[in-house]
Amino acid sequence: MQFTVLGARGSIPISRPEFRNYGCATSCYHVEACGEHLFLDAGNGLVHAPLCTNKHAHILLTHPHLDHLVGLPFFPGMMDPQMLIEIYGSTRDGQTVRDYVDRLYSPPYWPCRVDAYPSEVRFHELEEELWIGDIRVIKAASCHPGGSDLLRVEAEGKSIVYATDFEPSDGAGERLTEFSKDADLLLYDGQYTEVEFEARKGFGHSTPMLALKTMQGSGAKRVMVVHHDPRHEDEFLARWEGELQQLDPRICFAREGMKLNL
Ligand SMILES: [Zn+2]
Ligand SMILES: [Zn+2]
């Protein structure tokens, strides 16, 4: 299973040089396994998606917040008439995934709907369990304003748990620990410092220290901190990452372009 970070910035894309090392594009991760291409979220990291040579892409949306959807119209596959793009997401506030993608990508917010692009786009409700060829995807509820999903992708004997936009409140921390059991890679929302977290309870994010504790509690083999705060510059993130790696070398912070072969 090949894993690539296409975008790991949280909340809003940024573009200044002080943020270049960890990256500026918002949430998007590519998983290639069993001959299939999966994209976890459609932040503007999706703009630099690799070519899907089988002309088939699966985009799994955790939730419809803008930072997770902003890349969709610039996914290179959207302009390819031979591409089939399947988009999965849970119903939110009574709106299906087709409803909220159409709502965002239609006038006056955007000049055309995704149906108007040359590719074929299909929408699917994200069920508790989904099979994409031999890849199994399971979801569980995250703890985030408006709702979001935790995703677990299992393929080729390996597993990735994607826990972005996640706050470990109301028992959610314990549920994620169980959901991440023995995962090969845990992606965990570490947007805030401890001080920021105390001031922003209820905003639906977490900390790198809790990422480390969740990995240790779940038996996951490694943890990658994702959804970096748009105010945290490279120098600050690198120092923080180094401090945590002193505690446990199995933690790292996602950097745009990083690849793992699981
Ligand atoms: Zn987000
Ligand atoms: Zn969100």
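Here, the structure is the one placed above.
Starting afresh in each chain, residues are numbered from 1 along the sequence in its written order. Just so you know, chain letters begin at A and ligand numbers begin at 1, following the order they were written in. Totals for whole chains, interfaces and linings use every residue, but because this is a predicted model, local features are given only for residues with pLDDT of at least 70 and side-chain atom pairs only at 80 or more, for both listing and counting. Only heavy atoms go into the side-chain values, all of them from the structure, while hydrogens and water stay out.

**Focus: unusual backbone geometry**
Phase 1: A cis amide bond links Pro107 with the next residue in sequence, Pro108, at an omega value of 10 degrees.
Phase 2: Helix numbers and strand numbers start at the N terminus; a helix is a DSSP run of H or I with at least 4 residues, a strand a run of E with at least 2. Relative to the assigned elements, Pro108 resides in the loop between helix H1 (97–104) and strand E6 (120–125).
Phase 3: One non-glycine residue with positive phi stands out, namely Ser11, at about 75 degrees.
Phase 4: Positive phi values are uncommon outside glycine, yet Asp41 reaches one of about 70 degrees.
Phase 5: Tracing the sequence through the fold places Asp41 in the loop between strand E3 (36–40) and strand E4 (56–60).
Phase 6: According to the relative accessible area criterion, Asp41 is buried, its value standing at 0%. Accessible area is worked out with a 1.4 Å probe on protein chains only. A residue is then buried under 20% of its type maximum, exposed over 50%, and partly exposed in between.

**Focus on the coordination of the zinc ion (ligand 2)**
Phase 1: Only N, O and S atoms count as donors, using a 2.8 Å cut-off from the metal and 3.2 Å for Na, K and Ca, and because water is excluded some sites may appear unfinished. Donor atoms from the polypeptide that coordinate the zinc ion (ligand 2) comprise His63 (NE2), His65 (ND1), His144 (NE2) and Asp165 (OD), at 2.1 to 2.4 Å from the metal.
Phase 2: Tetrahedral means four donors with every angle between 85 and 135 degrees, whereas square planar (four donors) and octahedral (six donors) require angles over 155 degrees between opposite donors and between 65 and 115 for all others; sites fitting neither are termed irregular. Coordination at the zinc ion (ligand 2) is irregular, judged from the 4 donor atoms that bind it and the angles of 91 to 170 degrees they form at the metal.
Phase 3: All donors of the zinc ion (ligand 2) belong to a single chain; written as a sequence motif, their spacing is H-x1-H-x78-H-x20-D.
Phase 4: If you look at the zinc ion (ligand 2) and the zinc ion (ligand 1), they sit 3.6 Å from each other and are both ligated by Asp165.

**A word on the sheet that holds strand E7 (residues 129–132)**
Phase 1: Two strands qualify as a pair provided DSSP detects at least 2 bridges between them. Here 7 strands make up an open sheet; going across it, the order is E7-E8-E9-E10-E11-E12-E13 and the pairing mixed. If you trace the sheet from one side to the other, it starts and ends with E7 and strand E13 (251–253), each paired once. Across the sheet, the mean angle from the axis of one strand to that of its neighbour is 20 degrees, orientation sign disregarded.
Phase 2: Of the pairings in the sheet, the one linking strand E9 (residues 149–155) to strand E10 (residues 158–163) comprises 5 bridges and is antiparallel in character. Residue Val153 lies in a different strand from E10, and its bridge partner there is Ile160. Structural elements are reduced to axes, namely lines fitted to C-alpha atoms, with helices fitted over the stretch in contact, and the angle between N-to-C directions of any two is expressed from 0 to 180 degrees.

**Regarding helix H4 (residues 208–218)**
Phase 1: If you check which residues of H4 are buried, you get Pro208, Ala211, Leu212, Thr214, Met215 and Ser218. Projected down its long axis, H4 shows its buried positions confined to an angular sector of 165 degrees, all on one face. In H4, those exposed residues whose orientation departs by more than 90 degrees from the buried face are Lys213 and Gly217.
Phase 2: Packing partners of the buried residues in H4 comprise helix H2 (172–179), strand E11 (185–189), strand E12 (223–226), helix H5 (234–247) and E13.
Phase 3: The positive-phi residue at the C-terminal boundary of H4 is Gly219, with phi of around 80 degrees. Think of it as the arc spanned by the lines of direction from the helix axis to the C-beta atoms. When checking whether two residues touch, look at their non-hydrogen atoms; a contact exists if any pair is within 4.5 Å.

**Some words on the nonpolar core**
Phase 1: Take the buried Ala, Val, Leu, Ile, Met, Phe, Trp, Tyr and Cys residues and link them wherever side-chain atoms come within 4.5 Å; each set so joined is a nonpolar core. Residues Phe3 and Met224 are the most contacted members of the largest nonpolar core, which totals 29 residues.
Phase 2: Sequence-distant contacts of Phe3, defined by excluding residues within four places in its chain, comprise Tyr29, His30, Val31, Ile160, Leu185, Leu187, Met224, Met258, Lys259 and Leu260.
Phase 3: Listed in part, the 25 residues of the second largest apolar core include Phe39, Ala57, Ile85 and Val114.

**Quick notes on H5**
Phase 1: Expected helix span is given by 1.5 Å per residue-to-residue step, counting one fewer step than there are residues. Counted at 1.5 Å a residue, the expected span for H5 with its 14 residues is 20 Å, and the 20 Å between its end C-alpha atoms agrees.
Phase 2: Within the sequence span of H5, burial applies to Asp234, Leu237, Trp240, Glu241 and Leu244. Relative to the axis of H5, the buried residues are bounded by an arc of 135 degrees and lie together on one face. What points out from H5, more than 90 degrees from its buried face, is the exposed set Glu235 and Gln246.

**Quick word on the side chain of Asp248**
Phase 1: For Asp248, the location among the structural elements is in the loop between H5 and E13.
Phase 2: Judged by its relative accessible area of 6%, Asp248 is buried.
Phase 3: Polar contacts, as used here, are pairs of N or O atoms within 3.5 Å; protein pairs need one atom able to donate a hydrogen and one able to accept it. Residues neighboring in sequence count only if both atoms are side-chain atoms. For Asp248, the side chain forms a polar contact with the side chain of Gln216, separated by 3.0 Å.
Phase 4: In contact with Asp248, other than residues within four places in its own chain, are Leu212, Met215 and Gln216.

**What to know about the environment of Arg92**
Phase 1: For Arg92, the position within the fold is in the loop between strand E5 (84–89) and H1.
Phase 2: Look at Arg92 and you get buried, because its relative accessible area is 12%.
Phase 3: Placed 28 residues apart in sequence, Arg92 and Pro64 show a C-alpha to C-alpha distance of 8.1 Å.
Phase 4: The contacts of Arg92, once residues within four sequence positions are left out, are Thr62, His63, Pro64, Tyr100, Gly146, Gly147, Ser148 and Asp149.
Phase 5: Within the structure, the side chain of Arg92 is placed 3.0 Å from the backbone oxygen of Thr62, a separation counted as a polar contact.

**A short note on the packing of aromatic side chains**
Phase 1: Centre distance within 6.5 Å is the pairing criterion for rings of Phe, Tyr and Trp, where only the six-membered ring of Trp is used; planes under 30 degrees apart are then read as stacked, over 60 as edge-to-face, and the remainder as tilted. All told, the structure shown has 9 aromatic pairs when counted by the stated rule.
Phase 2: Arranged with centres 6.0 Å apart and planes meeting at 80 degrees, the rings of Phe74 and Trp110 form a pair that is edge-to-face. Here the residue Phe74 occupies a position in the loop between E4 and E5, and Trp110 occupies one in the loop between H1 and E6, the gap between them amounting to 36 residues.
Phase 3: Exposure remark for Trp110: the relative accessible area of 25% places this residue in the partly exposed category.
Phase 4: By way of ring pairs, the aromatic residues Tyr22, Phe236, Trp240 and Phe253 are connected into one cluster.

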